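Listed below, chain by chain, are the residues.
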Amino acid sequence: MISGQNWRRTLESFVIPFGAILVGLLFFGVFCALVGANPVGVYASIWKAAFGTWSTFQNTLIRAAPLMLSSLCTALPAQLGLVIIGNEGALVMGGLGAIITGLVFSFGSVLPAPEQIAAPLMTPPIVVQLAMAIAGIVVGGVWIAIAGALRHYRGVNETISSLLLNYIAIALLNHLVGGPIRDPGSLNKPSSFALPEVNMLGDIPGTRVHWGLLFGLVASVIAYVLIRRTTFGFAARTAGGNIRAARIAGLPVGKLTLMICFLGGACAGLAGMVEVAAVQASANESLNVGYGYGGILVAFAARQNPLAAIFISLLVGGILASGGILQRTHNLPDATVLVFQGIIFLVVLYSDSLYGRFKFFRETPVYEVPPAPPTSTAAPTV
Amino acid sequence: MTTEAATEAIGWWGVPLAIIAGTMRGGTPFLFVSLGECLTEKSGKINLGLEGTLLMGAMSAYGVSYLTGNPWLGVVVAGIAGGFLGAIHGWLSQQRRVNDVAVGIAMIIFGSGLAFFLGKPFIQPKAPSLPTLELGAWSSIPAVQAALQISPLFLLGLAIAPLLTWFFKSTRWGLFVRAVGDSPEAARAMGVSIFKVRMLAVMAGSFLAGIGGASLSLYYPGVWTERISSGQGLMAVALVIFARWNPIACLWASLLFGGAQALGPSLQSVGIKEGYYLFNAAPYILTLFIMIFTCSPKQTLAGAPGALGKEDG
């Protein structure tokens, strides 16, 4: 893309987001100073906790993985002009689908008796994990496809229906882990039975980071290629630009809506599977800790570009990872992380309105100076 | 607590009693946020961030009530805190190419973060609550008395709903808000500043949502914790659609949602424990079904402001 005329545009698309993040940092510094913390010390701590060493950076990566996947649930339908915010619900449903499948494949039942736990089925772990991933993808995908179908067939606003689906999914999670699939041994925090250790999604060799990170990276790259380099993506973006023109051109708008909603939900569902299979081992209320809502903002901050979402996810993952150290070394409450995240997102969202405002980034086309007309009777050119 | 006591004394009668009590208690925050969201959406903007506003209102009301001993001052400060968050939302969501849904979600994170941050010191202490009107004094049954404790905030909300209808219908400013929300071009031709009207509508709506937060922390449940709101702020958006952008319908819808919220716990208290969470999800499922049955792919919902959620015209 960087050609003689375009470098200013390319520069703009780097300077504006990074500038926004710097301004956000500045605002957060002012906030810290107002509440009596040393901003420079807080910055240093966040840097150290998020990106400072390989050991701490791995914490960032672990938190970034579900954000990458969940952001696609907003970014993919956005190509069609749909604003889907059902990420949290799709993540929860994907996690539920994954744990039920995982328990059935591991023990033969979602409520295994003690002797079943003592002698788990000898299903190869790779089969269990594959089944869990498929379950997460399908359940999450169908969940968001519901919002897409309601939009297409009934004209129901997809933003509101996907928001409502979040609450229904969370209620379903609480209902299932509170009764039908509850492990009686989980007292304070109702949970499903746990997956056996062997069937858990392990870590990438040589790290503490689970394979979910790879899922996130691969899904983001596939999503990018899909929307920028395939006919399907082109059709979706055309329909997103002008739905009537797309219909006249004979594009199957309904099919596109369902497909892209399914794919978006599938990614969030896979995030739920990763949280269950690699982090929690069972399904419980920890599934809805905000990766869904975080993912929406990641997608918007990345301007719905899946590759940019990788970097924003790393940034937000880093902010999330620094919560502990802010509490320990600066005596700041854990909500500091929320304030920081909120400020950064607000400034980054604002920065979107700045594109094209700075003269420096405007292309300066080289005009061939036409010979001056002999008389000034010619119509003035605008 | 009250619901359990109610059932001990009067058995199954506790269920309708608890629902009536819950309707008024649980309906109050719904009432304020839905009226606030109604006013906001009438001007053509969506504010998803009322969840953060509600928490900020709850925290500031509780904090001020604790520090000054005057809960009414807390209510006023909650409104002002809400208006302050509304100003951010109103300004930011009117910038070029900035999506109001995204700003709303960022405001949820920012508002709840600020509320949790500043509210940390107020989690332990007990702040004076708002006084209540004892409409149950005629009864000798403590459960009935407890159920009929009515908050003046609830009555205030009851009064605001028809006032807002009158405002939209019969006042100059109400006409401006409706014009800006329905047809920005026409409003501009009338010489109305779209930016100013939307800004004021969002701020006033958030002011109401802040008071809704005060009713959570100073009336029912009457404490400040980080889990005090169970999504009432987010639900406001669905509720306003449910009520078709009509303030009086917002009142009925809020009571319905408040009652539905009380259904789960009150059934639990008489021994029906199955499906507790599914009962809690009842309002969401109901809203979704109503939308499915009343929407049509050919036209927008009747009553929806014409410019709602569209790019600034």
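Treat the numbers as computed from the prediction; the structure is a model and nothing was measured. (Residues numbered from 1 in each chain as written. Chains lettered and ligands numbered in written order. Predicted model: local features only at pLDDT ≥ 70, side-chain atom pairs only at ≥ 80, totals over all residues.)

## Structural notes on the overall build of chain A
Reasoning step 1: For chain A, the helix and strand inventory stands at 15 helices and zero strands.
Reasoning step 2: Projected onto its principal axes, the C-alpha positions of chain A cover 100 × 60 × 35 Å.
Reasoning step 3: Within the span of chain A, comprising 382 residues, buried residues form 51% of the whole.
Reasoning step 4: For chain A, the share of sequence-separated contacts (at least 6 apart) that also reach a separation of at least 24 residues comes to 76%. (Helix = DSSP H or I, 4+ residues; strand = E, 2+ residues; numbered from the N terminus. Buried ≥ 20, exposed ≤ 12 C-beta atoms within 10 Å, placed from the backbone. Contact = placed C-beta atoms within 7 Å.)

## Side note on the overall build of chain B
Reasoning step 1: Counting secondary structure elements, chain B contains 14 helices and two strands.
Reasoning step 2: Against the compact-globule benchmark of 20 Å for 313 residues, chain B has a radius of gyration of 20 Å, which places it among compact chains.
Reasoning step 3: C-alpha atoms of chain B, sized along the principal axes, occupy 65 × 45 × 35 Å.
Reasoning step 4: Per-residue burial for chain B yields a buried fraction of 57% across its 313 residues.
Reasoning step 5: Sequence separation of 24 or more characterises 77% of the internal contacts of chain B that already satisfy a separation of 6 or more. (Rg over C-alpha atoms; globule rule 2.2 N^0.38 Å.)

## Description of the nonpolar core
Reasoning step 1: The biggest cluster of nonpolar side chains holds 230 residues, and the ones touching the most others in it are A:Leu270, A:Leu349, B:Ile105, B:Ala106 and B:Leu239.
Reasoning step 2: Residue contacts for B:Ile105: discarding those within four places in its chain leaves A:Ile85, A:Tyr293, A:Ile296, A:Leu297 and B:Leu48. (Core = buried A, V, L, I, M, F, W, Y, C linked by C-beta atoms within 7 Å.)

## Some words on the packing of helix H11 (residues 232-242) of chain B against helix H14 (residues 282-294) of chain B
Residue and element names in this part refer to chain B.
Reasoning step 1: Viewed as axis vectors pointing N to C, H11 and H14 meet at an angle of 40°, and their least axial separation amounts to 10 Å. Between H11 and H14, the angle is such that the two are oblique. For the element pair H11 and H14, the recorded crossing hand is left-handed. On the side of H11, the interface is formed by Met235, Ala238, Ile241 and Phe242, while H14 contributes Pro283, Thr287, Ile290 and Met291.
Reasoning step 2: Grouping the constituent residues of the contact of H11 with H14 by class yields seven nonpolar, one polar and no charged. (Axes fitted to C-alpha atoms, helices over the stretch in contact; angles between N-to-C directions. Parallel < 35°, antiparallel > 145°, perpendicular 65-115°, else oblique. Left-handed = near helix turned anticlockwise from the far one by under 90°. Nonpolar A, V, L, I, M, F, W, Y, C, P; charged D, E, K, R; others polar.)

## Regarding the interface of chain B and chain A
Reasoning step 1: Taken together, the 39 residues of chain B in the interface contact 37 residues of chain A.
Reasoning step 2: At the level of elements, helix H5 (100-119), H11, helix H13 (276-280) and H14 of chain B are the ones that each hand at least two residues to the side of chain B that touches chain A.
Reasoning step 3: Each residue belonging to the side of chain B that touches chain A can be placed in one class, and the counts come to 26 nonpolar, nine polar and four charged.

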